[in-house]
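Commentary on secondary and tertiary structure
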Amino acid sequence: MKLKIAWIGKTKEPAIQGLTDEYLKRLSRYADAQGMTLKDELALLKLCGREARPVRHTLVLLDSRGKQLSSEEFAEFLGNHQDCNPLPLLFAVGPANGFTPATRQEANLLLSLGKMTLAHELARVVLLEQLYRAFTILKRHPYHLGH
């Protein structure tokens, strides 16, 4: 499975970059995972748009108004996508003020990490950890069982 995790804006905190790198490394055991910094929403839309080359993506935006899933439900979503959809998954964490309505309309799924507001850099780390957790659930690795 191919995964891209994109975030808008440069990383300001070294600790965030360290955790990002660690979870991308862990994810690489289960999927072809790539993290990327994008300048703005326009760059995101170009990456996943109809004219995208070489390949289009299934776009999942993190949005506080999105669907909330348990870790097990999120794992099921990933497993179903892996089994039924050939397009790579592109998860996007927006800028500090969130995505515009136009960008949200382009998403295949709006995903919420919960009702609490998270700083966008922290939301990225939580997303990466949940992606890793989802794959460990699918592979029946004990990581998830230790919570």
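Look up a bit, the structure's there.
Note that the coordinates shown come from a computational prediction; the quantities given were computed from them, not determined experimentally.

Procedures and definitions
- Residues numbered from 1 in each chain as written.
- Predicted model: local features only at pLDDT ≥ 70, side-chain atom pairs only at ≥ 80, totals over all residues.
- Heavy atoms only, no water.
- Phe/Tyr/Trp six-rings, centres within 6.5 Å; stacked < 30°, edge-to-face > 60°.
- Helix = DSSP H or I, 4+ residues; strand = E, 2+ residues; numbered from the N terminus.
- Buried < 20%, exposed > 50% of the residue type's maximum accessible area, 1.4 Å probe, protein only.
- Patch = residues over 30% accessible without salt bridge, like charges linked within 9 Å, V, L, I, M, F, W, Y side chains within 5 Å.
- Areas by Shrake-Rupley, 256 points an atom, 1.4 Å probe, with all protein chains shown as cover.
- Salt bridge = Lys/Arg side-chain N within 4 Å of Asp/Glu carboxyl O.

Here we take up the packing of aromatic side chains. All told, the structure shown has six aromatic pairs when counted by the stated rule. With centroids separated by 6.1 Å and ring planes inclined at 5°, the aromatic side chains of Y30 and F135 adopt a geometry described as stacked. Here F135 lies in helix α5 (residues 120–138) and Y30 lies in the loop between α1 (14–27) and β2 (32–38), a separation of 105 residues in the sequence. On the basis of relative accessibility, which here comes to 18%, the residue Y30 falls in the buried class. Ring geometry for F74 and F77: centres 6.4 Å apart, planes at 10°, overall stacked. With F74 and F77 both in helix α3 (residues 71–84), this residue pair falls three residues apart, about one helical turn. By relative accessible area, which is 4% here, F74 ends up buried.

Take a nonpolar patch on the surface next. A surface patch of nonpolar side chains, amounting to about 220 Å² of accessible area, comprises L113, L118 and L122. You can see L113 is positioned in the loop between β5 (109–112) and α5.

Applying the stated criterion across every chain yields a total of five salt bridges. Between R104 and D63 there is a salt bridge whose closest N-O contact spans 3.5 Å. Pair noted here: R104 is in helix α4 (residues 101–106) and D63 is in strand β3 (residues 58–68), with a separation of 41 residues, a long-range link. For the pair formed by R104 and D63, the shared burial category is buried. In this structure, E129 and R133 form a salt bridge, with 2.9 Å as the shortest nitrogen-oxygen distance. With E129 and R133 both in helix α5 and four residues apart, this pair spans about one turn of that helix.

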